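Spelled out, the chains give:
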Amino acid sequence: MQIEEKKIDEEIQGQATMLESKNPSGKKLYLESYGCQMNFSDSEVVASILIDQGYSTTKDVEEADVILMNTCSIRENAEQRVRNKLSQHNKRKKQNPSLVIGILGCMAERLKKDLLEQEKLVDLVAGPDAYRDLPNLISEVETGQKAVNVLLSREETYADIAPVRLDKGGVTGFISIMRGCDNMCSFCVVPFTRGRERSRDPQSIVAEAQDMFNKGYKEVTLLGQNVDSYKWNVTKKGEIIDPNQPTVSFAELMEKVALVDPALRVRFSTSHPKDMTDDVLHVMAKYENICKYIHLPVQSGNSEVLKRMNRGYTREWYLERIAAIKRIVPEAFISTDIITGFCGETEEQHQDTLSIMREVGYEFSYMFFYSERPKTLAERKFEDDIPLEVKKRRLSEVQEVQAELALEANSKTVGKTYEVLIEGISKRSDDFVYGRNSQNLTVIFPKGDHKPGDYVNVTIQEYTSATVKGIEAN
Ligand code: SAH
Ligand code: SF4
Ligand code: F3S
């Protein structure tokens, strides 16, 4: 899943959310989310389920009756952050013994009962497929028991639950189109925490996009760990499930969402290099409202390392996919994810990562050093043999190359005019607004008479490696 710049911040800080309740006299829920966009999207389902039960949400942890933390296990430090926060919440429980503390999401699924029994940090543990059970689990805790539901499902997609939008902006939002992952990349914990891949009913996806557009949203991002393997009404083996219903591929789904309205922008995340088809690129090229931006995680530029990572492609295959993007959607910006210091990575193999970055010319990258995760293929098969300081040094080299590439890419935008969707008022000055162009570049410009949700043509004048600034075009 693509990690937005914003998300990194959220991953570090966690993010509390607040909104109205159907029954203001009900109990107060403090809901904190960490990790990828999928987790933030799941929190909207959780809020919907509990608001239906009369809860209201609060941003003030001191007034909470129930604290729920929706957590991430992707790297060791993501879990550490949650543990630190949990021990703070536990101090509150000493003062207020009726406070319910629950853990949701990937850490809940990975650690299961350990969090209750060994670590004694929480009252309630609910995995990503168990959120419908939350009202029961909370009731169990209220009767003095500990409650756990970490069953993973092959079917659950929460398709019928209308998520309560937790972002206050009301301009951009996420729609989960599938859950789980069947890929088994050797470094990755997600298949263990999210279970088997399953696609959501396309009608419910299109209806959700339409509903968001009716409510004033101007952009939706279709979410999945590997959107290219979205498939409706077809089994993994390619057999049609119901002959009376059409099958739907990701390219077809994206087209359906694009047709909701030309004024609704469509993004998606994350594409997988082994599965990304030309069909998807042709649909992108055909519809102006499908944003010209692809997040295509490479992880490493060396084929041997990619093999150990079990990514299912080589450097050459990846570069051929990049060539296809540049051929079919030439104006697209491309971003990636990179892991440095994976098991057995030599200095030459690391150089291959630096060289593929320059060869592709990524506009943006999310960069990490390898963090071994329990139960993954890599943990069982390979030694985590690269010293931490080497992993970190390689990471800083990757970051340096990325900074150069971003600066170069952004310098080329000067003098060009882009349609920008305003998302909010700049934090630095009320006279400026920020938004993104189709290529996902953040653009800052004078507010004038505009408001969030407006599309404005902006000519770029200045740039840094992170953002560009401009003025409204004549
Ligand atoms: N489904 C998405 C990835 C989701 S995780 C995809 O395949 O692209 C987001 C990113 O976290 C991954 O792309 C990878 O770069 C990074 N990541 C995953 N596991 C990691 C680990 N054990 N150590 C360091 N980074 C990791
Ligand atoms: Fe993890 Fe690979 Fe699945 Fe992405 S595609 S979630 S990296 S296993
Ligand atoms: Fe997402 Fe973290 Fe889980 S990246 S899928 S919340 S392990």
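Worth saying up front: this structure is predicted, and the values here are computed from it rather than measured.

Participant: Help me out: how do you make sense of the packing of aromatic side chains in this one?
Facilitator: Within a pair of aromatic rings, the relevant descriptors are the distance that separates the centres and the angle that separates the planes. A full pass over the atoms with the stated rule returns seven aromatic pairs. Ring centres of Tyr131 and Tyr158 lie 6.0 Å apart, and the angle between their planes is 15 degrees; this geometry places the pair in the stacked category. Taken together, the positions of Tyr131 in the loop between β6 (124–126) and α6 (134–142) and Tyr158 in the loop between β7 (147–149) and β8 (172–176) put the pair 27 residues apart, joining distant regions of the chain. Accessibility classification places Tyr131 together with Tyr158 in one group, the buried group. When the ring of Tyr313 is compared with that of Tyr318, the centres are 6.0 Å apart and the planes differ by 35 degrees; the resulting orientation is tilted.

Participant: How should the pattern of salt bridges be read in this particular structure?
Facilitator: Once the charged atoms of two side chains with opposite charge are near each other, the side chains can pair. In the structure shown here, the tally under the stated rule is 41 salt bridges. A salt bridge links Arg393 to Glu397, with the nearest nitrogen and oxygen atoms 3.2 Å apart. Note that Arg393 and Glu397 are positioned in helix α15 (residues 388–411) at a spacing of four residues, about one turn of the helix.

Participant: Even after reading the chapter, I still don't get α6, so can you show me in this structure?
Facilitator: Along an α-helix, residues three or four positions apart point the same way, because every turn accommodates 3.6 residues. Three or more residues of α6 are buried, namely Leu134, Pro135, Leu137, Ile138 and Val141. All buried residues of α6 fall inside an arc of 165 degrees around its axis, so they share one side. Contacts from the buried residues of α6 go to α2 (37–51), β4 (66–71), β5 (100–104), β6 and β7.

Participant: Help me understand the sheet that holds strand β20 (residues 442–446) in this model?
Facilitator: Within a beta sheet, neighbouring strands are joined by backbone hydrogen bonds and run either parallel or antiparallel to one another. The five strands are arranged β18-β19-β20-β22-β21 in a closed barrel whose pairing can be described as mixed. Strand-to-strand twist in this sheet, taken as the mean axis angle between neighbours without regard to direction, amounts to 55 degrees. As paired elements, strand β19 (residues 432–436) and β20 share five bridges and run antiparallel to each other. Each residue of the ladder has a partner; that of Val433, found in β20, is Phe445.

Participant: Just checking my understanding: could you explain the nonpolar core for this structure?
Facilitator: When a protein is soluble and globular, its nonpolar side chains tend to lie buried together. Among the nonpolar cores identified, the biggest contains 64 residues, and Phe250 and Phe268 are the most heavily contacted of them. At six residues, the largest contribution of residues to this core is made by helix α9 (residues 250–258). When residues of this core are assigned to domains, at least three map to each of domain 2 (169–291) and domain 3 (298–409). Apart from residues no more than four positions distant in its own chain, Phe250 is found in contact with Ile177, Leu222, Val227, Asp228, Tyr230, Phe268 and Val280. In this structure, Leu31, Val45, Leu124 and Val141 belong to the second largest nonpolar core, which totals 24 residues.

Participant: Got a minute to help me understand the sheet that holds strand β16 (residues 333–340) in this structure?
Facilitator: On the basis of which strands lie adjacent, the open sheet formed by three strands has the order β15-β16-β17 and parallel pairing. Lying at the two open borders of the sheet, with one neighbouring strand each, are β15 (293–295) and β17 (364–369). The average undirected angle you get between the axes of adjacent strands in this sheet is 10 degrees. Across six bridges, β16 lies against β17 in parallel orientation. Paired with Thr336 across the bridge in β17 is Ser365.

Participant: How should I be thinking about the site of ligand 2 in this particular structure?
Facilitator: As a matter of local geometry, ligand 2 sits amid Cys181, Asn183, Met184, Cys185, Phe187, Cys188, Val190, Pro191, Gln225, His272 and Arg311. Of the residues that constitute the shell around ligand 2, the class distribution is seven nonpolar, three polar and one charged.

Participant: Would you mind showing me how to read the confidence of the model for the chain here?
Facilitator: Note that predicted coordinates carrying low pLDDT should not be read in detail. Looking at the chain, pLDDT values average 93 and 95% of them are 70 or higher. In this model, residues 1–13 is a region of pLDDT below 50 whose contacts with residues beyond four sequence positions or in other chains number 46 contacts.

Participant: Please explain the environment of Ile177 as it appears in this structure.
Facilitator: Its place among the elements puts Ile177 in the loop between β8 and β9 (178–179). Note on Ile177: relative accessible area 0%, which makes it buried. If we skip the residues at most four places from it in the chain, Ile177 touches Ser199, Arg200, Ile205, Leu222, Leu223, Val227, Tyr230, Phe250 and Leu253.

Participant: Even after reading the chapter, I still don't get the pairing of β5, so can you show me in this structure?
Facilitator: A regular strand places its side chains so that they alternate between the two faces of the sheet. Among the five residues in β5, five count as buried, and that is most of the element. The alternating pattern of β5 places Val100, Gly102 and Leu104 on one face and Ile101 and Ile103 on the opposite face, and all of these are buried. Pairing analysis gives five bridges linking β4 to β5, with the strands arranged parallel. In the strand pairing of β5, Leu68 is matched with Gly102. Where the polypeptide runs from β4 across helix α3 (residues 76–95) and back to β5, its parallel neighbour, the crossover connection is right-handed. Direction of pairing for β5 relative to β6: parallel, over a ladder of three bridges. Looking across to β6, one finds that Gly102 is bridged to Leu124.

Calculation notes
Residues numbered from 1 in each chain as written. Chains lettered and ligands numbered in written order. Predicted model: local features only at pLDDT ≥ 70, side-chain atom pairs only at ≥ 80, totals over all residues. Heavy atoms only, no water. Phe/Tyr/Trp six-rings, centres within 6.5 Å; stacked < 30°, edge-to-face > 60°. Helix = DSSP H or I, 4+ residues; strand = E, 2+ residues; numbered from the N terminus. Buried < 20%, exposed > 50% of the residue type's maximum accessible area, 1.4 Å probe, protein only. Salt bridge = Lys/Arg side-chain N within 4 Å of Asp/Glu carboxyl O. Arc of directions from axis to C-beta. Contact = heavy atoms within 4.5 Å. Pairing = 2+ DSSP bridges. Axes fitted to C-alpha atoms, helices over the stretch in contact; angles between N-to-C directions. Core = buried A, V, L, I, M, F, W, Y, C linked by side-chain atoms within 4.5 Å. Domains from an automatic or database assignment. Near = heavy atom within 4 Å. Nonpolar A, V, L, I, M, F, W, Y, C, P; charged D, E, K, R; others polar. pLDDT = per-residue confidence, 0-100. Right-handed = clockwise from strand over helix to strand, strands pointing away.

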